[in-house]
Amino acid sequence: MFHEADIEGEGGLSMNEFRIAIKEIMGDVNDEDLDNIFMKVDTNCDGSVDWEEYLNYMLLEYREKDSLQKQNRPLYFPKPLKIIPVSHCEPIVSLQFYPFQTQQADNKDAGGQDEAKPKTRTQLGRYLSISRDGILNYWSERFKLTRTVNISHMKKGHTPSQKIWVNDMLCLSNLHLLAVATTGRDVDFFDISASKCDSAFCLTGLEGYIVVMDYWSDGVKSVFCLGDVEGCLTAFISSNVLQNGLFNSGAYKAGGSCRIPVPALLKNQSKYFMCFKVAILNNWCHQIRFLPDLNAIATCCLSDQTAMVLTTVPHSQKAKVYNSAFQIRKGILCFDYSPEFNILVTGGFDRTVRIWNPYINNCSISQMKGHSAAITHIVVNGSDNKIISISKDKNVRVWDLQGCTCLQSIHSRNVPMSRLPISSIHYNRDTNILVLATSLIGVLHGAVEHVDTSQKLKTSHEHSLCTALYNKNFKLVVSGCHNGVVSVWDILTGEKVMQFQTSPERPAEVTAMAFDAPKRRLITGSKDGTVRLWNFNNGALLLTLPMLDDNEVTGIIYINQRIYVSGWSKRVMWYLDVKEDMEMEYRVWNQYHSEDIYSMHAHGNKMLVTASYSGDIIIWNIDSGRAFCRFNASESPRPLLPKRVSPLISESITVEAELDAKDKTQKRLLGEHKADRSGKLPPISVEDLEKPSLAVEQALFLGTRERSPDTAILLTSVADGHVYAWSIHHQGGLLGKFRAVHSNGLSINSMSTDQRNQMLLTGDSCGYITLWDIEDYCLSRRAEQDRAGRHNPTTTRLPSLIPHYCKVEGPRQRVLEETTEETTEEVEDGWKVCLTSPPLLSTWRGHLRSIVSIEYVERFSVIVTASLDCNLRLWTISGSYIGTFGQAQWRLGDPHALTTGLPVDLRRVGSCQTLKVLNKGTRPHWNCARRILDNLTLQKLQNSANFSGSEAPKLQELVTSDPRITQYSSEQIEETWQRWQEKGKQTSAILGSAYKQKVRHHLPSCPPNLPVSFSSREQLRVFKLMPCCPLMPIIQPPVPARLKEQLKTQEAGDLLAKQKRNSKRGPHARYTAAKAGCKKSVASKQPVKGSLV
């Protein structure tokens, strides 16, 4: 293809040649799609694609997509194995589930087999397990032991000296019977209805030992078949099992012993019953099963010639029985059938899972290898396209039925069920529960679709997001998270198309991202200072730039074939974008920042702005690499001269390594003070401690505006929640500022505008999205006239697209009005600063945590937001929720395919304004009631019995302003109030007026939103206090002088007596010394007593 289409003979195809070549192969294809493929392959942007580039791209893309599917594929058995202890030590030979269902339920199931049944976590019924020595256990659905029965004691005519072994057990649920095959050549039936286990009857006269059994019934017809050690198949068919029974009672003489001879049944000629016996296998039968879709009985053994045999069930006694044998070396140990795909799945000693067509017995359709031991059990779930196989070494594997690949492998070390192999299993396809048995019981709970999916929604990333970008060429959204994972999403559907790890050896946080000029390559910056270039369409690493330092990268911009990088190194550096065979050129600009650079933005290809934590804003000339202007709102509203900082001095005065990274306020204050020669830092003044933090979070150029003294072309967001508008002219300065958050302690972490700079989009640290009309904000009159002259009447203004219901009301509107009413401007050093905020168009809460990236997509009029809550979301310009990337998919442009619900995490915490915007103008019913209760609470706190003069008109204004209250008259409102009041005074007919209705106090759904400072977000705060008053000090009463003298005399006498006792006491005269001490003590007390008299 490439050689024939290469007309010019340059060894590569141009875009036109590539179009012609692809259209000759694939037919009529859209040119835009072909151009996208060409740009994806041509990552070096040389304008041509050769065969090697095309082949490498396709191989890498399919490899990464396959890896992405494997990573995002959920485990079929996500939970570990649950072990159920069992009292006996013999292996369990059979596990059965006995459902609680009636005959009507069976008939209903038989009539609606084709209808899809919803999956549930549990199914009513009980599990039955029987060990080799005949111990039958009854288990509940959650495997709680309810009853234990010894089958050998229930058999009639059995003596304790006769020891029997159980070969198999089968539950006939619609007949409420339990069939047990033993080494006594009999099949015993027990009645298990009503939680009992009584012997009912038994089959006798069997020639061989029965080792396997199977039963099938559709509610009317039934098939009961047996397989013995001699390879014989015995089948019993009943045309109406519920009416006539399982066996023909007229074929034998019923006695008191209820023993049914099998030879008598085989001679039966009744039209309601049919039975036959054929010898089909060369070895004993390992499994038997009736397949109703094939009307055949399948059996398997370890013989090469008769590994598996399909025996057709005749329609009458005179009809011939046909057999179809499958031949395979070493035979077959287990099999299963899928009616959805009409296939047979087998396993055996060759350790291979094979898929067969029932009508082709000479070779299998496909094979799946992976087991290291013989496969002993296998089941297939056609509705989920899964195959589950279990080997002798207790290795459980889940296979994809269509792709024939292993999806999950549970190693034997994760199946701690004694040293015995798995002897029996039971798989419930409805609940997706796999039960394994040895001498113990193990339960694997599988994943069930459509169960509890609303409460456990996935997030876009597993870790918090750092940034997100939109690529208009490929209509893709690229996002990066703290774990170093970059995900690529299709904005039209919300589907993830690619995902790759930027640092596979050691995961490093992605802190900055940018596209190159053609938007074909992705440039990422990590926390460890590494800058890499990627082909984000297939996840291929193209180039790793030389690492000049190991500091975090916070800003990347691609301008004029150069990659500009800034970050915590406090410097700006650039790399020349060269081809692979050329030498890399880079340069570091002079340092003018004394603190970490937080943000970087460009104005065309001439100017660059960097903003740091200290509040410094530096304007750079891109061509010369020199800083020509500096701004700092805390120092002056006018332009300042840049101050060059030496890297050595900056490192000596920085105590960043010794400070906590979260305590940024203290770090800023310490960084402002120079260290003296002794290395000691000067003391920090009280004024510095009380200064507000003016760290610049974001810097944004307005590219459509011209540079002039009275026109703001630079917007910066500060940590206190204000947005500053700057004119970078040498005669300009700070032209305006406004508060962009609705409460204290919040800050603007992300900003962006549209291409015409009509609308400003901001995202704050609480997750709120706010739209501002900045078309005329801080714009000179001359610029307004020029813009009006160039205005196109056919062009739609973006603010006009905002619906009227998005108008802000409530506390946010009151804050804006109070700010506007206070003053419209302030004067600082003779410079006037406008304090009037631009028109607020709309605001709503889009995330639970801080928004780190916000971008407006012009082509589709949508907004892309990324947040620390691990979610990447898409919104319309009017605030309607489209969806979260990684959850439900959508079709952008089709209004019927868009979601109409609200994000689950915002339903309980959304404010009145948020719910109004998300619900497209529908007001919450509790809005007015909440405002009235707020005023009533304020009145109660003021301890006023009546409405105060200032609060009563305000409350009346709130009542009359609500449209739901104005439509009712005062009499109707009073009548409603009386009914509500009487409802609370309920009385009991028994207890009378002493009855009090129970009152339930509900806890709040979330803690209150507390105003906090920027520097104390992570600290513990008290949000409620009990009323208290200062305690009075305790004053001790004065002690009388005489009492003081008495206490002193008594203490002196006791001390003297103690000294005398210690001096006269010896080791051999303990009794004498003790007696003398007592006399001395009595004598010493007499003067004291006389002194008191």
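Each remark here, short or long, concerns the structure printed above.
The rules behind these values
Residues numbered from 1 in each chain as written. Predicted model: local features only at pLDDT ≥ 70, side-chain atom pairs only at ≥ 80, totals over all residues. Heavy atoms only, no water. Salt bridge = Lys/Arg side-chain N within 4 Å of Asp/Glu carboxyl O. Helix = DSSP H or I, 4+ residues; strand = E, 2+ residues; numbered from the N terminus. Buried < 20%, exposed > 50% of the residue type's maximum accessible area, 1.4 Å probe, protein only. Core = buried A, V, L, I, M, F, W, Y, C linked by side-chain atoms within 4.5 Å. 1 Å grid on protein atoms, 1.4 Å probe; cavity = no way out; pocket = protein on both sides within 12 Å on 5 of 7 lines; lining within 4 Å. Points joined across faces, edges and corners; volume = space filled by probe spheres on them. Nonpolar A, V, L, I, M, F, W, Y, C, P; charged D, E, K, R; others polar.

S.K.: Before we go on, may I ask you to explain the pattern of salt bridges in this structure?
M.R.: Pairing between side chains of opposite charge can happen when the charged atoms of each approach one another. Taken as a whole and judged by the stated rule, the model has 18 salt bridges. Measuring nitrogen to oxygen at the nearest pair gives 3.8 Å for the salt bridge that ties R259 to D186. Here the residue R259 occupies a position in strand β13 (residues 259–261), and D186 occupies one in the loop between β7 (177–182) and β8 (187–191), the gap between them amounting to 73 residues. Taking the relative accessible area as the measure of exposure, R259 reaches 40% and is therefore partly exposed. Taking the relative accessible area as the measure of exposure, D186 reaches 14% and is therefore buried.

S.K.: Before we go on, may I ask you to explain the nonpolar core in this structure?
M.R.: Where a protein is soluble and globular, its nonpolar side chains tend to be buried together. By size, the foremost hydrophobic cluster in this structure holds 42 residues, and its most contacted members are I617, I619, L714, L715, I728 and L760. If you look at the next biggest cluster of nonpolar residues, it comprises 25 residues, including L172, A181, F201 and L226.

S.K.: When you look at empty space enclosed by the protein in this model, what are you seeing that I'm missing?
M.R.: If you roll a probe as big as a water molecule over the atoms, it shows you where there is empty space left. Scanning all chains against the criterion turns up six cavities of 30 Å³ or more. The volume enclosed by the largest cavity comes to roughly 80 Å³. As for the largest cavity, its lining consists of 14 residues, of which D549, N551, V553, V565 and M573 are closest to the centre. Counting residues per element, the ones that place at least two in the lining of the largest cavity are β39 (562–567) and β40 (572–576). The dominant element in the lining of the largest cavity, judged by the number of residues it contributes, is β39, at three residues. Grouping the constituent residues of the lining of the largest cavity by class yields seven nonpolar, five polar and two charged. A volume near 70 Å³ is recorded for the second largest cavity. For the second largest cavity, the full set of lining residues is F236, I237, L246, F247, N248, L265, N268, F273, M274 and C275. Among the secondary structure elements, those contributing two or more residues to the lining of the second largest cavity are β12 (232–238) and β14 (273–279). Broken down by element, the lining of the second largest cavity gets its largest block of residues, three residues, from β14.

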